Amino acid sequence: MIMMILKFLVFLTLGVCVLFFLLGLLSQKGKAKGLENGQLADCPASPNAVSSEPGTQPEKYVEPLQAKLEDVLQAIKETGGVITSHSDNYLSATYMSAVFKFVDDVEVRADGALCHIRSASRVGYSDRGANRKRVAAIRAAL
């Protein structure tokens, strides 16, 4: 009986690992949402994104960055991000997790002396606070 339970737990663990590996691969196929009507996209209903855009739900809201776009670009690079798009008023970058290679998007929109920021997971439901921590790391690098 104990051997059956152990076998079940081993197969269950392997199944979960395969599922996370496949989700990691799936996340690598996406891209940043981009600007919608001149603003960063709204956060999804799931709790795996944060944004500084006006109208963001309080639990997903982060303060805008008090920096120039070029300074934010450097801070993103310093914190491990890879720039995927850059224009005069917008940039996007990706961050990849170490183990399962999940890809998250960071987008920044210049707005005068501020930069609005959005950080979101491409797949999954919860990010366990990873996107909020990422924005805090970018802010600290400025």
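That block above? That's the structure.
Residues numbered from 1 in each chain as written. Predicted model: local features only at pLDDT ≥ 70, side-chain atom pairs only at ≥ 80, totals over all residues. Heavy atoms only, no water.

1. So, the pattern of salt bridges
Any two side chains of opposite charge can pair, so long as their charged atoms come close to each other. In total, this model carries 5 salt bridges according to the counting rule given. In this structure, the salt-bridge partner of arginine 109 is glutamate 53, at a minimum N-O distance of 2.8 Å. With arginine 109 in strand β6 (residues 103-111) and glutamate 53 in the loop between β3 (49-51) and α2 (69-78), this residue pair connects regions lying 56 residues apart in the sequence. Take arginine 109: its relative accessible area is 8%, and that puts it in the buried class. Its relative accessible area of 3% is what places glutamate 53 among the buried residues. The salt bridge involving arginine 134 is made with aspartate 104; its shortest N-O contact spans 3.2 Å. Here arginine 134 is found in helix α3 (residues 130-141), whereas its partner aspartate 104 is found in strand β6, with 30 residues between them in sequence. We classify arginine 134 as buried; its relative accessible area is 15%. (Salt bridge = Lys/Arg side-chain N within 4 Å of Asp/Glu carboxyl O. Helix = DSSP H or I, 4+ residues; strand = E, 2+ residues; numbered from the N terminus. Buried < 20%, exposed > 50% of the residue type's maximum accessible area, 1.4 Å probe, protein only.)

2. Considerations on the sheet that holds β3
Strands sit in the order β3-β7-β6-β5-β4 across an open sheet of 5 strands; the sheet is antiparallel. Of all strands in the sheet, those with a lone pairing partner are β3 and β4 (82-86), marking the two edges. On average, each strand axis in the sheet is tilted by 20° relative to the strand beside it, whichever way the strands run. Both strand β5 (residues 90-96) and β6 contribute to a ladder of 7 bridges, which runs antiparallel. If you follow serine 92 over to β6, its bridge partner there is glutamate 107. Where α3 meets the sheet, it contacts β3, β5, β6 and β7 (114-121), and its direction lies at approximately 145° from that of β7. (Pairing = 2+ DSSP bridges. Axes fitted to C-alpha atoms, helices over the stretch in contact; angles between N-to-C directions. Contact = heavy atoms within 4.5 Å.)

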